[in-house]
Amino acid sequence: MSLISEKSIFPSRLLSCLIAFSTMLLISSGLSLLEFDESYFFPKSALEVILVNNTSIGPSPNAEADSQESPIKNLAFADGILEKQDGTSERRDGTLEKQDVTSEKQDVAVQSRAIANETSEKQHVAAQQVVLPPPDPEKTKDEPSKYRKTLCDKSQALLKVYMYDLPPEFHFGLLGWKGSGNQTWPDVSDRMNIPSYPGALNLQHSVEYWLTLDLLASNTENVVRPCTAFRVQDSREADVVFVPFFSSLSYNRRSKRRGKQKGGDDRVLQDKLVQFLRRTKEWKRSHGRDHLILAHHPNSMLTARKKLGSCMLVLSDFGRYPTHIANVEKDVIAPYKHMVRTIPAANSPTFNDRPTLIYFQGAIYRKDGGVIRQQLYVILKNEKDVHFKFGSIQANGLREASRGMASSKFCLNIAGDTPSSNRLFDAIASHCVPVIISDEIELPYEDVLDYSKFCVFVRAADAVRKGYLVNLLRGIKQEEWTAMWEKLKKITGRFEYQFPSQPNDAVDMIWQTVLRKKTTTLLNVHRKNRYSRSSLVKD
């Protein structure tokens, strides 16, 4: 019996020895960890609980009073440090730290990353939900990726936007999307379920799609984007009232007449939109002066524009608008979405790698101001190292245009049926210095972007003088061209539409422009309200 009891006790003694040995290792490791830098991922407070109290690593009852900052915040802000151009780093508390750290601290940092990679999924979600100050547009001009982990809320937004919950027939329904039940909007938290915008020439006027997606994303926790614009649910809190009508897509797809209709389905939607807006308290409050309507295609909103001229419009240009309806003082010029692929800056062909001096491929015979294309064709068609030909995006046209622009020093952007065209933004994406021959053109965010630094402007009257254009461009030497090419590579991101948006991309730049225009809009609204009480007094 005694022998049996000793054998049964032996495993228990062995287990006790192993537990004691493991405890000693844990304590010795904890003592060394307490000597580490404050930025170490594992919180000291947890180690002190183990060493002092000899208890579990769970939080103490007064854990909320612990003044130490959670290490999860460091994950959400690149370990809590921003690199500076002068070789130093800046912590979130404003203190500076030299990058030339000792090897011991470097080892600690490596260990910290290893532990961070092993944290639970809940910790990663919490890290993404940490709210940090909105990025400074000046700081993020050339380094937007450092600010991609910033989420914002209503209090941080620069521009508060109220968006009407219009029925899907005005927006994503035009893309064939059908929500379940009374669902008005697609779930943008799952990109796989977001309806795609049609390609080809439709895509160049898709600004309506990108801005609407961006507003929906502002209320979606797992989509990280800049904090410039934020969708509010109460219109009284809003700086701007957004009208989510995909007017360009409606024109492209629904403008043909059916039977005895006076106009196509597009006109029906425009009429319904006007009736809806005029019934809302938001419209009556300001007579539409704080409303934002997108009409990027030159022919979109043809009937409604006359009734909605008090609104702020997002347009491609003012070519087909009278000044009392659309003008540079109140309205926003947005870039086309370019058709060619953006050339990565590191792979952009240099001056000597671009054998063609001048490139143009597109419709040559146009009406209105586009007549100049025919004149230039006659002047330039026989010039050496000049490519001036008819072309379209059909067949391999887009691929040919992409290759042609990438191998050319200068790309012509000539007025067509309207002052602007997508060709300018294709040139920018290709880092081919744009030559703008369009006297009436208005350019996106020109109040903050000096196009003369990366474009060449030529008056139409000068361009059609024989020999003028070729001699002007041949006179631009490699050094001057390279300076414009370098600038192009830096500003290309300003014209990129994407989801989610990034600091200072096309979506963010448009919101910033709306923000600047808002000052004028509010001034007009407030001036109109001066004598509002007088109208209530009866004679």
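Computed from a predicted model, the values in this text were never measured in an experiment.

Novice: Is there a simple way to think about the overall build of the protein chain in this case?
Specialist: Helix and strand counts for the protein chain come out as 16 helices and 14 strands. Per-residue burial over the protein chain gives 47% buried out of 539 residues. Within the protein chain, contacts between residues separated by at least 24 positions form 65% of all contacts whose residues are at least 6 apart in sequence. Roughly 29,300 Å² of accessible area belongs to the protein chain as shown, and the carbon and sulfur atoms make up 51% of that amount.

Novice: Quick question: what am I supposed to make of the sheet that holds strand E4 (residues 159-163) here?
Specialist: Backbone-to-backbone hydrogen bonds join strands into a sheet, with any given pair of strands oriented parallel or antiparallel. Judged by pairing direction, the sheet is parallel, and its six strands sit side by side in the order E5-E4-E6-E7-E8-E9 without closing on themselves. What marks the edges here is a single partner per strand, and that holds for strand E5 (229-232) and strand E9 (332-333). Sheet topology places E4 next to E5; four bridges connect them, and they run parallel. Looking at the pairing, Tyr-162 lines up with Val-232 of E5. Its contacts with the sheet put helix H6 (residues 207-217) on E4, E5, strand E6 (240-243), strand E7 (291-294) and strand E8 (312-315), and the angle it makes with E4 is roughly 105°.

Novice: Got a minute to help me understand the packing of helix H7 (residues 247-254) against helix H8 (residues 265-279) in this structure?
Specialist: Helix packing for two helices is described by the angle between their axes and how far apart those axes are. Interaxial distance between H7 and H8 falls to 8 Å at its minimum, and their mutual angle equals 145°. In this structure, H7 uses Ser-247, Ser-250, Tyr-251 and Arg-254 to contact H8, whose residues at the interface are Asp-265, Asp-266 and Leu-269. When its residues are assigned to classes, the contact of H7 with H8 shows two nonpolar, two polar and three charged.

Novice: I would appreciate a short explanation of the pairing of E5 in the present structure.
Specialist: In regular strands, side chains alternate between the two faces of the sheet. Where burial is concerned, the two faces of E5 agree: the one with Ala-229 and Arg-231 and the one with Phe-230 and Val-232 are both buried. For the crossover from E4 across H6 to E5, the handedness is right-handed.

Novice: Please clarify how H8 should be interpreted in this entry.
Specialist: Over its 15 residues, H8 extends 22 Å from the first C-alpha to the last, a length consistent with the 21 Å expected when each residue adds 1.5 Å. When we look at burial in H8, the residues that qualify are Asp-265, Asp-266, Leu-269, Gln-270, Leu-273, Val-274 and Leu-277. On its buried side, H8 packs onto E6, H7, helix H9 (281-286) and E7.

Novice: Would you explain the environment of Tyr-365 in this entry?
Specialist: Mapped onto the secondary structure, Tyr-365 falls in the loop between strand E10 (356-362) and helix H10 (371-380). In this structure Tyr-365 comes out as exposed when scored by relative accessible area, which is 61%. Taking C-alpha positions, Tyr-365 is 9.1 Å from Phe-390, a pair spaced 25 residues apart along the chain.

Novice: Which parts of the structure should I look at to understand a positive patch on the surface?
Specialist: Together, Arg-267, Arg-278, Lys-306 and Lys-307 give the surface a local cluster of positive charge. Mapped onto the fold, Lys-306 is located in the loop between E7 and E8.

Novice: It is not clear to me how the sheet that holds strand E11 (residues 386-390) should be interpreted in this structure. Could you clarify?
Specialist: A sheet is described by the order of its strands in space; here five strands give the open sequence E11-E10-E12-E13-E14, paired in parallel fashion. Whereas interior strands pair on both sides, the edge strands pair on one side only; in this sheet they are E11 and strand E14 (456-457). Two strands pair when backbone bridges link them, and E10 and E11 are joined in this way by five bridges, in the parallel orientation. Note that in E11 the partner of Gln-361 across the bridge is Lys-389. Each of strand E12 (408-414), strand E13 (433-437) and E14 is contacted by helix H15 (residues 478-491), which is oriented at about 95° to E13, the strand it contacts most.

Novice: For this particular structure, what's the right way to read the environment of Lys-517?
Specialist: Structurally, Lys-517 is set in helix H16 (residues 506-528). When the C-alpha positions of Lys-517 and Met-312 are compared, they lie 8.6 Å apart, and in sequence the two are 205 residues distant. For Lys-517, the residues in contact, after removing those within four places along its chain, are Met-312, Val-328, Glu-329, Lys-330, Asp-331 and Val-332. Reaching out from Lys-517, the side chain makes a polar contact with the backbone oxygen of Val-328 at a distance of 2.2 Å.

Reading guide: rules and limits
Residues numbered from 1 in each chain as written. Predicted model: local features only at pLDDT ≥ 70, side-chain atom pairs only at ≥ 80, totals over all residues. Heavy atoms only, no water. Helix = DSSP H or I, 4+ residues; strand = E, 2+ residues; numbered from the N terminus. Buried < 20%, exposed > 50% of the residue type's maximum accessible area, 1.4 Å probe, protein only. Contact = heavy atoms within 4.5 Å. Areas by Shrake-Rupley, 256 points an atom, 1.4 Å probe, with all protein chains shown as cover. Pairing = 2+ DSSP bridges. Axes fitted to C-alpha atoms, helices over the stretch in contact; angles between N-to-C directions. Nonpolar A, V, L, I, M, F, W, Y, C, P; charged D, E, K, R; others polar. Right-handed = clockwise from strand over helix to strand, strands pointing away. Expected span 1.5 Å × (residues − 1). Patch = residues over 30% accessible without salt bridge, like charges linked within 9 Å, V, L, I, M, F, W, Y side chains within 5 Å. Salt bridge = Lys/Arg side-chain N within 4 Å of Asp/Glu carboxyl O. Lys, Arg positive; Asp, Glu negative; His and termini not counted. Charge placed at Lys NZ, Arg CZ, Asp CG, Glu CD. Polar contact = N/O pair within 3.5 Å; in protein donor to acceptor, adjacent residues only side chain to side chain.

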